[in-house]
Amino acid sequence: MNALPATVTPTRPEQRWSLVRVARFPGLRALAWADDYLYASRGYQLLRARICGDISTASLRWDPIARFRPVWWRNLTSATRLSSRLLRDGFHALAILPSAAIVAAVPGAIVSLSTSETELRVTHRITRGTRPLHITTVPGGAVFWGEYFDNAARDEVHIYASMDQGSNWQVAYTFPKGTVRHVHNIVHDPWGNCLWVLTGDYGEECRILRASCDFSQVDIALKGNQQARAVALVLGETEIYFSSDTPLEENHVYHLDRQGRLSKLAALSSSSIYGCRAGGNIFFSTMVEPSTANRDRNVRIYGSRDGQDWLPLLAWQKDRWPLALFQYGNAFLPDGNNTTPYLAVTTVAVQAEDIVLSLYSIHA
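Here the structure is a predicted model, which is why all the values come from computation and not from measurement. (Residues numbered from 1 in each chain as written. Predicted model: local features only at pLDDT ≥ 70, side-chain atom pairs only at ≥ 80, totals over all residues. Heavy atoms only, no water.)

S.K.: Honestly, the overall build of the protein chain in this entry has me stumped. Any pointers?
M.R.: When helices and strands are counted, the protein chain shows three helices and 30 strands. Relative to a compact globule of 364 residues, whose C-alpha radius of gyration would be 21 Å, the protein chain shows 19 Å and is just as compact. For the C-alpha atoms alone, the extent of the protein chain along its principal axes is close to 55 × 45 × 40 Å. Taking all contacts inside the protein chain whose residues are at least 6 apart in sequence as the whole, residues at least 24 apart take part in 50%. Here the protein chain has roughly 15100 Å² of accessible surface; of this, 50% comes from carbon and sulfur atoms. Each charge sign in the protein chain was given a centre, from 36 positive and 33 negative side chains, and these centres are 6 Å apart. (Helix = DSSP H or I, 4+ residues; strand = E, 2+ residues; numbered from the N terminus. Rg over C-alpha atoms; globule rule 2.2 N^0.38 Å. Contact = heavy atoms within 4.5 Å. Areas by Shrake-Rupley, 256 points an atom, 1.4 Å probe, with all protein chains shown as cover. Lys, Arg positive; Asp, Glu negative; His and termini not counted. Charge placed at Lys NZ, Arg CZ, Asp CG, Glu CD.)

S.K.: What should I look at first to understand a nonpolar patch on the surface in this one?
M.R.: A surface patch of nonpolar side chains, amounting to about 470 Å² of accessible area, comprises Val71, Trp72, Trp73 and Leu76. Note on placement: Val71 falls in the loop between strand S6 (63-67) and helix H1 (72-77). (Patch = residues over 30% accessible without salt bridge, like charges linked within 9 Å, V, L, I, M, F, W, Y side chains within 5 Å. Salt bridge = Lys/Arg side-chain N within 4 Å of Asp/Glu carboxyl O.)

S.K.: Would you mind showing me how to read the pattern of salt bridges here?
M.R.: It is possible for side chains bearing opposite charge to pair when their charged atoms get close. Summed over all chains, the structure comprises 22 salt bridges. Of the charged contacts in the structure, one is a salt bridge between Arg24 and Glu353, with a shortest N-O distance of 3.1 Å. Here Glu353 lies in the loop between strand S29 (342-348) and strand S30 (356-363) and Arg24 lies in strand S2 (residues 18-26), a separation of 329 residues in the sequence. A relative accessible area of 29% means that Arg24 is categorised as partly exposed. As a salt-bridge pair, Arg181 and Asp201 come within 3.0 Å of each other at their nearest N and O atoms. Within this pair, whereas Arg181 is found in the loop between strand S14 (170-175) and strand S15 (182-189), its partner Asp201 is found in the loop between strand S16 (194-200) and strand S17 (207-211), the two being separated by 20 residues in sequence. Salt bridges here are not isolated pairs; linked through shared partners, they connect Arg81, Arg85, Lys318, Asp319 and Asp354. (Buried < 20%, exposed > 50% of the residue type's maximum accessible area, 1.4 Å probe, protein only.)

S.K.: Just checking my understanding: could you explain the packing of aromatic side chains for this structure?
M.R.: The description of an aromatic ring pair rests on the distance of the ring centres and on the angle between the ring planes. Throughout the structure, instances matching the rule amount to 14 aromatic pairs. On the basis of an interplanar angle of 50 degrees and a centroid distance of 6.1 Å, the ring pair of Tyr44 and Phe68 is categorised as tilted. Within this pair, whereas Tyr44 is found in the loop between strand S4 (37-42) and strand S5 (45-50), its partner Phe68 is found in the loop between S6 and H1, the two being separated by 24 residues in sequence. One exposure class covers both Tyr44 and Phe68, and it is buried. Members of the aromatic cluster, each reached through a chain of ring pairs, are Phe144, Tyr173, Phe175 and Phe215. One residue, Arg48, lies across the ring of Tyr37, its end atom 4.7 Å from the ring centre. Positioned above the aromatic ring of Tyr202, the side-chain terminus of Arg229 is 5.1 Å from the ring centre. (Phe/Tyr/Trp six-rings, centres within 6.5 Å; stacked < 30°, edge-to-face > 60°. Lys NZ or Arg CZ within 6 Å of the ring centre and 35° of its normal.)

S.K.: How do you make sense of the nonpolar core when you look at a structure like this?
M.R.: In globular proteins that are soluble, nonpolar side chains generally tend to be buried together. By size, the foremost hydrophobic cluster in this structure holds 29 residues, and its most contacted members are Leu19, Phe283, Ile301, Trp316, Leu333, Leu343 and Val345. Listing elements by their share of this core, those giving two or more residues are strand S23 (274-278), strand S25 (298-304), strand S26 (311-317), strand S27 (330-332), S29 and S30. Among the elements that make up this core, the one with the highest residue count is S26 (four residues). Beyond its immediate sequence surroundings of up to four residues, Val345 is in contact with Ile301, Trp316, Ala331, Phe332, Leu333, Val356, Leu357, Ser358 and Tyr360. (Core = buried A, V, L, I, M, F, W, Y, C linked by side-chain atoms within 4.5 Å.)

S.K.: Where do I start with the sheet that holds strand S10 (residues 121-125) in this structure?
M.R.: Whenever strands of a sheet pair, they do so through backbone hydrogen bonds, lying parallel or antiparallel. The antiparallel open sheet is built from four strands, whose spatial order is S7-S8-S9-S10. Strand pairing shows two members of the sheet lacking a second neighbour, strand S7 (93-96) and S10, which therefore form its edges. The mean inter-strand angle of the sheet, taken between neighbouring strand axes irrespective of direction, is 20 degrees. For S7 and strand S8 (residues 102-106), the ladder comprises four bridges, and the chain directions are antiparallel. Each residue of the ladder has a partner; that of Ile96, found in S8, is Ile102. (Pairing = 2+ DSSP bridges. Axes fitted to C-alpha atoms, helices over the stretch in contact; angles between N-to-C directions.)

S.K.: Looking at this model, I keep getting lost on unusual backbone geometry. Mind explaining?
M.R.: Omega for the peptide link from Gly200 to Asp201 comes to 20 degrees, which places this bond in the cis form. Positive phi values are uncommon outside glycine, yet Gln327 reaches one of about 80 degrees. The residue Gln327 is located in the loop between helix H3 (323-326) and S27 in this model.

S.K.: I tried to follow the sheet that holds strand S13 (residues 157-162) on my own but got confused; where do I start?
M.R.: With antiparallel pairing, four strands are arranged side by side in an open sheet as S11-S12-S13-S14. Two strands close off the open sheet at either side, each with one partner strand: strand S11 (136-137) and S14.

S.K.: Which parts of the structure should I look at to understand the confidence of the model for the protein chain?
M.R.: Any residue range with low pLDDT should be treated as having predicted coordinates unsuitable for detailed reading. Chain-level pLDDT for the protein chain is 94 on average; 96% of the residues reach the 70-or-more range. Across residues 1-14, where pLDDT falls below 50, the model places 25 contacts with residues more than four positions away in sequence or in other chains. (pLDDT = per-residue confidence, 0-100.)

S.K.: What exactly am I supposed to notice about the environment of Leu60 here?
M.R.: Following the sequence through the fold, Leu60 ends up in the loop between S5 and S6. As for Leu60 and Ile110, which are separated by 50 residues in sequence, their C-alpha atoms are 29 Å apart. Among residues more than four places away in sequence, those in contact with Leu60 are Phe25, Arg50, Ile51, Ile55 and Leu359.

S.K.: What is the right way to read the pairing of S15 from this model?
M.R.: Look at any regular strand and the pattern is simple: side chains alternate between the two faces of the sheet. Among the eight residues in S15, eight count as buried, and that is most of the element. Pairing of S15 with S16, which is carried by seven bridges, proceeds in the antiparallel orientation. The residue bridging Val183 from the neighbouring strand is Thr199, located in S16. Hairpin connection of S15 to S16: four residues between the antiparallel strands, including Asn193 at a positive phi of 50 degrees.

This is the structure we're talking about:
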């Protein structure tokens, strides 16, 4: 891990702060928070640790809770870092339901786990693309994910829902042919009792939508340009923050208030597809991807204590392996509700910290 130079300072002196790594776990990917429990994966095994008090690498205990049995050859490819990156092995999204049941995405399938099981079972085979980017759940127990596939022909795109803890899936909403390329994310808003749906990738396909939890009403909040092309969205009681995800222009962090007013807050060094809250602070990560507009070869974490002043806090250099085959350099920030004062980050395709889960304490 390479920290940014100390010369990088915030706009206001009282906003000076930093992240200090307190624990490091090679081979683990952080997937989701459930209050003070962090769920992570190693290949096709799911683990969980309770994050409380003063923590360190030695003090944390990761308990195996379940596993998924893929086709036989994925047991081999998931065993090493480069082959797992090449084949996009392992878990890619995970949601913890109010009942403590689990719904997750693995290559080619949605898998589910009831509270009485220890082996995840396939409940939906994905036929377009390989997996959704995110899975979300609402307090009543409904689970949602949107189709994410290349969609060169701009066919219709579905959002799927399950009302029985991931056992069965139905189409909850369909974007008509020619409307969007694919769904980037669906985020539940407990303050607005609604869902925010993010789509891409070009022109009118770039949308941030506000939908009722049964999709009986879907309204457009933003659309029509690359700055509305977003994957990461972080909510608060009165505010909405999102980061743009475009290789065609400079990227930014934005604030959208509940009345629909939009403000540009900070420039980012590259595209951003992960965001979260931790310890009352807001974070977005950037990735290294092929782009003529964003040439930074570092994955970065940006953070803000108040939503207004933003700092680049951490950076890692992209490793030497080709982007298209072995994944873009990135820093994964887990979904879910984090009640701890710690930030969890999994770095991939970066020098010295490839597929490493790190926990950071936040120091003012």
